[in-house]
Amino acid sequence: MSDVNVKIPFVDLSLQHQPIQKQMRQAIEDVLERGDFILGKALSDFETEFAVSSGAEYGVGVASGTDAIALGLQACNIGADSEVILPANTFVATLIGVLRAGAKPIFVDCDPNTALIDLAAAENAITPKTKAIVPVHLYGQVVSPQDLTDFAERHNLMIFEDAAQAHLAHRDGCRAGSLGIAAAYSFYPSKNLGAFGDGGILVTSDKEVAQKMVRLRNYGASKKYYHVEMGTNSRLDTLQAAVLHQKLPHLAGWNASRLKTAQQYDRELAPLKSLGITPMQNQSGDGHVYHLYVIKVDESCPLQREEIQEKLAAMGIQTGIHYPIPCHLQPAFKDLGYEIGDFPHSEKLANQILSLPMYPGLTNNQVNVVATAIASVVSERQYKLLHI
Ligand SMILES: *Cc1c(COP(=O)(O)O)cnc(C)c1O
């Protein structure tokens, strides 16, 4: 990208950290004092509170969101001989989690208006081996709970949520994290709730799943030095949990700030619809937590997505693409046997989507600057095309 000074970054975490610096430092010092770095007090405190916030009974902190998916599926006994349905247009970690659990991933295309998994298309992915569906609440929007539950019941499937982008999101009265057997979250620093490093959690209301997860993250031990199954070492650090515990009470406010920003983007970008710029649809009102604010640059736009991105960068506005290559076309997973053309909506979106700056504390003025910049870039070209 260009070297011009960044005027509006894609993400700025300092805004959320600055006001609670003191509390976070104190929480870290408390851990140092107690010395309970592994499976310490701050971890269990945080696990309990985070589970409640997700509408689940138990929380089991792990080293990353990827581990929360991989170990979480195992904890739900989804593994060898199971087929698991997931969207093709997710972050690769969803796929890695399914594969690490030993299950066979079955991709499904998305609804191009929301980028969420297309449950009608998922009907065609069902086989006698299908055991579970992993809906991804992509960009912070929950997959329709009613449609999801109907689908899972019809085919007798477990629902395992990838809620890595959807902390506290809700839709039609249902919370992300409470729709199925279990849900995985990530605390990667730029997620809606982020640690000072990697982290993740599995939440569930199923006691057996929670207990198995507790073993899996701790070498498969049911008690010290007694190993009942093959586990690994994947615990959420007490230090990270201490930070997350301090941040959790602010999460709802940060999400509200993201929503406000998204609503302003929606309003200011609405006139660009005729120029081929369409924001992803929000079908869940104030339940969308906008981990990302994504627009589509479609064929009717006088500029291609890359041109817009470059011009914005030259103006000091950072953007992102989530994600440029769908999972089924990633070189590492060629052996799964998918090809170009298998999931047309996901493939087309990969070429058209653009994520705009989004973080709590982005000002009205900054949002206005971004929207105005997009308008000027797109309509300038439109003007030229019309007047040649
Ligand atoms: C971030 C993310 C993950 C993985 O989380 P990590 O903590 O980075 O391992 C999984 N799924 C989705 C949709 C994500 O956005």
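The model shown is predicted, which means the values in this text are computed figures rather than measured ones.

Gly-65, Thr-66, Asp-162, Ser-186 and Lys-191 are the nearest of the 16 residues found near the ligand. Between the ligand and the protein, one listed contact pairs a nitrogen atom with a side-chain N or O atom of Asp-162 at 2.8 Å. In isolation the ligand offers 380 Å² of accessible surface; the protein chains occlude 93% of this area. Taken together, the elements giving at least two residues each to the shell around the ligand come down to helix H4 (65-75) and helix H5 (92-100). If one sorts the elements of the shell around the ligand by residue count, H4 sits on top with three residues.

So, about the pairing of strand E14 (residues 353-356). Strand residues, when the strand is regular, have side chains that alternate between the two faces of the sheet. Judged by which residues are buried, E14 turns out to be covered on both faces: Ile-353 and Ser-355 on one side and Leu-354 and Leu-356 on the other are all buried. Two strands pair when backbone bridges link them, and strand E13 (residues 293-297) and E14 are joined in this way by four bridges, in the antiparallel orientation. Its bridge partner lying in E14, Val-294 is registered against Ser-355.

Another point: the sheet that holds strand E12 (residues 277-279). Whenever strands of a sheet pair, they do so through backbone hydrogen bonds, lying parallel or antiparallel. Across the sheet, which stays open at both edges, the three strands sit in the order E12-E13-E14 with antiparallel pairing between neighbours. The open sheet terminates on both sides in strands that have one partner only, identified here as E12 and E14. Geometrically, the sheet is characterised by an average inter-axis angle of 35° between neighbouring strands, direction not taken into account. Strand contacts of helix H10 (residues 305-314): E12, E13 and E14, with the helix running at about 20° to E14, the strand carrying the most contacts.

The mixed open sheet is built from seven strands, whose spatial order is E1-E9-E8-E5-E4-E2-E3. Strand pairing shows two members of the sheet lacking a second neighbour, strand E1 (58-62) and strand E3 (104-108), which therefore form its edges. Looking at each pair of strands side by side, their axes are set apart by 25° on average, direction ignored. Here three bridges tie strand E5 (residues 158-162) to strand E8 (residues 182-186), and the two strands are oriented parallel to one another. The residue bridging Glu-161 from the neighbouring strand is Ala-183, located in E8. In the packing of helix H3 (residues 41-53) onto the sheet, the strands contacted are E1, E8 and strand E9 (200-204), and the crossing angle to E1 comes to about 130°.

A word on the domain arrangement of the protein. Frequently, the measure chosen for interface size is the accessible area that the parts lose on association. What the domain assignment reports for the protein is domain 1 (3-12 + 251-386) and domain 2 (14-250). Both faces considered, domain 1 and domain 2 share a buried interface measuring about 3700 Å² in area, 60% of it formed by carbon and sulfur atoms. Broken down residue by residue, the surface that domain 1 buries against domain 2 is led by Leu-251, Trp-254 and His-291, which jointly contribute 21%. Across the domain 1-domain 2 interface, the total number found is zero salt bridges.

Where helix H8 (residues 207-216) is concerned, the buried positions are Val-209, Ala-210, Lys-212, Met-213 and Leu-216. Considered in projection along H8, the buried side chains sweep an arc of 165° and stay on one side of the axis. In H8, the exposed residues that point more than 90 degrees away from the buried face are Lys-207 and Glu-208. Against the buried residues of H8 lie E1, H4 and E9.

So, about H5. For H5, the full list of buried residues reads Ala-93, Thr-94, Leu-95, Gly-97 and Val-98. On the buried face of H5, the contacting elements are H4, strand E2 (83-87), E3 and E5. Remark: Gly-102 follows H5 within two positions and exhibits a positive phi of approximately 95°.

In this section: the packing of H3 against helix H9 (residues 238-269). Remark: H3 packs on H9, axes separated minimally by 8 Å, with the N-to-C direction vectors making an angle of 40°. Here H9 runs oblique to H3, going by the angle between their axes. The two elements H3 and H9 meet at a crossing, and its hand is left-handed. Residues Lys-41, Ala-42, Leu-43, Asp-45, Phe-46, Glu-49, Phe-50 and Ser-53 of H3 lie in contact with H9, whose contacting residues are Thr-238, Ala-241, Ala-242, Leu-244, His-245 and Leu-248. For the contact of H3 with H9, the residue count by class is eight nonpolar, three polar and three charged.

It is worth spelling out the pairing of E1 at this point. Of all five residues in E1, four are buried, a share of seventy percent or more. As paired strands, E1 and E9 are joined by five bridges and run antiparallel to one another. Paired with Val-60 across the strands is Leu-202, a residue of E9.

Mapped onto the secondary structure, Thr-90 falls in the loop between E2 and H5. Among the polar contacts listed, one links the side chain of Thr-90 to the side chain of Thr-94, at a separation of 2.7 Å. Ignoring anything within four residues of it in the chain, the contact list for Thr-90 reads Val-136, Asp-162, Tyr-323 and Cys-327.

This part covers the nonpolar core. Residues Phe-46, Ile-308 and Ile-374 are the most contacted members of the largest nonpolar core, which totals 80 residues. Top contributing element to this core by residue count: H9, with eight residues. Structurally, this core is a two-domain feature, drawing no fewer than three residues from each of domain 1 (3-12 + 251-386) and domain 2 (14-250). If sequence neighbours within four positions are ignored, Ile-374 has contacts with Leu-269, Leu-272, Ile-277, Ile-295, Leu-312 and Leu-356.

Let us look at the pattern of salt bridges. On inspection of all chains with the given rule, the structure shows nine salt bridges. With its nearest N and O atoms 2.7 Å apart, the salt bridge here joins Asp-45 to Lys-41. Here Asp-45 pairs with Lys-41, and both are found in helix H3, just four residues apart, close to one helical turn. On the basis of relative accessible area, Asp-45 is assigned to the partly exposed category, the value being 25%.

What counts, and at which threshold
- Residues numbered from 1 in each chain as written.
- Predicted model: local features only at pLDDT ≥ 70, side-chain atom pairs only at ≥ 80, totals over all residues.
- Heavy atoms only, no water.
- Near = heavy atom within 4 Å.
- Polar contact = N/O pair within 3.5 Å; in protein donor to acceptor, adjacent residues only side chain to side chain.
- Areas by Shrake-Rupley, 256 points an atom, 1.4 Å probe, with all protein chains shown as cover.
- Helix = DSSP H or I, 4+ residues; strand = E, 2+ residues; numbered from the N terminus.
- Buried < 20%, exposed > 50% of the residue type's maximum accessible area, 1.4 Å probe, protein only.
- Pairing = 2+ DSSP bridges.
- Axes fitted to C-alpha atoms, helices over the stretch in contact; angles between N-to-C directions.
- Contact = heavy atoms within 4.5 Å.
- Domains from an automatic or database assignment.
- Buried area = accessible area lost by both parts, 1.4 Å probe.
- Salt bridge = Lys/Arg side-chain N within 4 Å of Asp/Glu carboxyl O.
- Arc of directions from axis to C-beta.
- Parallel < 35°, antiparallel > 145°, perpendicular 65-115°, else oblique.
- Left-handed = near helix turned anticlockwise from the far one by under 90°.
- Nonpolar A, V, L, I, M, F, W, Y, C, P; charged D, E, K, R; others polar.
- Core = buried A, V, L, I, M, F, W, Y, C linked by side-chain atoms within 4.5 Å.

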